[in-house]
Amino acid sequence: ERRSQGMVVVAVALLALVLPHRAFPAAPRAPSPLLLGDAPDAASIAAATAARAEAASKALADAAQPASEFLLDATRPAIDAATPVLDPVLRATEQARVQWQLYGSEHPAEQVGLGLSALLLLELVREVVAAGGDERPYPRDAYDPDAARAFFVRRPLEVLARAVELGVRSAGFGGALLSDWLAGPAALEANAEERALQLAKVLTALGPTFIKAGQSASIRTDLLAPPYIRGLTSLQDQVPPFPTDEATALIREELGEAEGVEALLDSLSAEPVAAASLGQVYRGALPDGTPIALKVQRPRMARQIALDMLLIREVLAPLASAVGLPGDLVGTADAWGEGFVAELDYSAEAANAALFNANVRQGQLSGSVFAPPVVEGFSSRRVLTTEWVDGERLDRCRAPEDVPRLCSLAMSTYLQMMLQDGVLHCDPHPGNLLRTAEGKLCILDWGLVTTISPDLQLTLIEHVAHLTAEDYAKATAPP
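First, a word on what this report is: a plain description of the structure on this page. (Residues numbered from 1 in each chain as written. Predicted model: local features only at pLDDT ≥ 70, side-chain atom pairs only at ≥ 80, totals over all residues. Heavy atoms only, no water.)

A closer look at the packing of helix H11 (residues 208-217) against helix H15 (residues 301-322)
Relative placement of two packed helices is described by the angle separating their axes and the distance separating the axes.
Logical step 1: The geometry of H11 relative to H15 is characterised by a closest axis approach of 9 Å and an angle of 65° between their N-to-C directions. Contact residues: H11 offers Pro-208, Thr-209 and Phe-210, while H15 offers Met-301, Gln-304, Ile-305, Asp-308, Met-309 and Ile-312.
Logical step 2: Class assignment of the residues belonging to the contact of H11 with H15 gives a composition of six nonpolar, two polar and one charged. (Axes fitted to C-alpha atoms, helices over the stretch in contact; angles between N-to-C directions. Helix = DSSP H or I, 4+ residues; strand = E, 2+ residues; numbered from the N terminus. Contact = heavy atoms within 4.5 Å. Nonpolar A, V, L, I, M, F, W, Y, C, P; charged D, E, K, R; others polar.)

Here is the structure:
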């Protein structure tokens, strides 16, 4: 029965690939703009090539978009009929629909990428029919590149579809940057602000993994030029949300029949008050009236992140090394992926915040800095409920005269975490540091932390002591 249901879906999907050739007229061939004379310079060639690619991309998109929409519409009835067996396929279809609605597709090449990515449905049908849909890329819910490789090596079309989407969505930005580079340093500098905004849009369209990478890069003033820092800063708190009905369904699934869940859901804001790479936040109230912030994770995160991390580790990192980027890039990808995947466990985030508050209460910083207290009864692996904190970002503070004091307080707090507590908050971008109305410092988002071993703590303390004593020879000596 499972195989016959799968065959129905495959037949409908294949028919959807064939019919568009008859249902939709062929795209007209774009005239070539590459008429540059006898001796064009490199910049002119690049500009003309980009224009030609744009025209060809638009023509292809005009044909691909209706075909991909036809594919999704044609497969939907058969998939609905086979939902008990093909539930992962249904979820993938819905994810594609939501992504299209949220992010849109201003660049024609992006439409092509989405059309090609629709082939993922065919591969998922084959996989579910052949082996069921219960496998997970990270069986232990922790970053595991070997497990992810074994999972996706049996799903080559899914990998190919995502790789094509990444390439096509990035092509417009890459081509524009290449054109600037060929035109010279003046063009690179003049167009930096525009390119930074384009990069932020590309990373947003590529999804949570790349949004998170952009957020990490947005505070690296030692690596990126100021225009790119400003452009990527938008990723800290201006990420598109996902539909509230999906969020409500996930909250019910996670919290189950706990007392007060329905009253909590009724109290939530109609729309999220903030959206981030991994989830979004609603404002609500407990049954006793206590205001709360409820963070709910984006649906179907683990599989997409696992595939993206596999492509970064197995393709992008070796490619970057091949063109001369220094360092152990695969090792860097593994270290970053380990922390990133750990952020999917909101129960660990709740434990990290509670530990920080307990450590602060025992020291001199008590009453000055805190993490939002967790509401235990309404939190789980994918839902985190905390008390609501009214505050404003330090970089947008309406009391700028108080910012130096709060920055000093933040420095002292992070030194205590690093040198005394041994558990360090690793996501201190401006969106996670708030000034409350009482002038306290509130640190948000405890999903990404690292542990500092006692040996490393001692080494760091000695280093600080040497710097304080102006003994720079010992401060820079290897341990």
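Having put the structure on the table, let's press on.
Re unusual backbone geometry
Logical step 1: Although it is not a glycine, Arg-300 sits at a positive phi angle of roughly 55°.
Logical step 2: With respect to the secondary-structure elements, Arg-300 resides in the loop between strand S3 (291-297) and H15.
Logical step 3: Residue Arg-300 is classed as partly exposed on the basis of its relative accessible area, which comes to 25%. (Buried < 20%, exposed > 50% of the residue type's maximum accessible area, 1.4 Å probe, protein only.)

Some words on empty space enclosed by the protein
Logical step 1: Counted by the stated rule, this structure contains one cavity of 30 Å³ or more.
Logical step 2: Computed from the structure, the largest cavity encloses a volume of approximately 40 Å³.
Logical step 3: Grouping the constituent residues of the lining of the largest cavity by class yields six nonpolar, two polar and no charged. (1 Å grid on protein atoms, 1.4 Å probe; cavity = no way out; pocket = protein on both sides within 12 Å on 5 of 7 lines; lining within 4 Å. Points joined across faces, edges and corners; volume = space filled by probe spheres on them.)

A word on the pattern of salt bridges
Side chains that differ in charge, positive against negative, can pair when their charged atoms come close.
Logical step 1: Within this structure, the stated rule accounts for 27 salt bridges.
Logical step 2: We note a salt bridge from Arg-149 to Glu-314, for which the minimum N-O separation is 2.8 Å. In this pair, Arg-149 sits in helix H7 (residues 145-152) while Glu-314 sits in helix H15, placing the two residues 165 residues apart along the sequence.
Logical step 3: Among the residues examined, Arg-149 registers a relative accessible area of 32% and is labelled partly exposed.
Logical step 4: Across the pair Lys-295 and Asp-445 runs a salt bridge, and its minimum N-O distance is 3.9 Å. One end of the pair, Lys-295, is in strand S3; the other, Asp-445, is in the loop between strand S9 (441-443) and strand S10 (449-451), with 150 residues separating them in the sequence.
Logical step 5: A relative accessible area of 16% means that Lys-295 is categorised as buried.
Logical step 6: Assessed through its relative accessible area of 22%, Asp-445 is described here as partly exposed.
Logical step 7: Residues participating in the shared-partner salt-bridge network are Asp-146, Arg-149, Arg-313, Glu-314 and Asp-334. (Salt bridge = Lys/Arg side-chain N within 4 Å of Asp/Glu carboxyl O.)

Focus: helix H19 (residues 454-468)
Logical step 1: In this model H19 runs 21 Å from its N-terminal to its C-terminal C-alpha over 15 residues, within 8% of the 21 Å that 1.5 Å per residue would give.
Logical step 2: Positive phi shows up at Glu-470, right after H19, with a value of about 60°. (Expected span 1.5 Å × (residues − 1).)

Some details on the nonpolar core
Logical step 1: Grouped together as the largest cluster of nonpolar side chains are 35 residues, with contacts concentrated most on Tyr-138, Phe-152, Leu-278, Ile-305 and Met-309.
Logical step 2: When contributions to this core are tallied by element, the ones reaching two or more residues are H7, helix H8 (156-183), helix H10 (192-206), helix H12 (226-233), H15, helix H16 (329-342) and helix H17 (346-361).
Logical step 3: The leading source of residues in this core is H15, at eight residues.
Logical step 4: Aside from chain neighbours lying at most four places away, what touches Tyr-138 is Tyr-143, Asp-144, Ala-148, Ala-302, Ile-305, Ala-306, Met-309 and Val-341.
Logical step 5: Among the nonpolar cores identified, the runner-up in size contains 18 residues, and Leu-394, Leu-406, Met-417 and Leu-424 belong to it. (Core = buried A, V, L, I, M, F, W, Y, C linked by side-chain atoms within 4.5 Å.)

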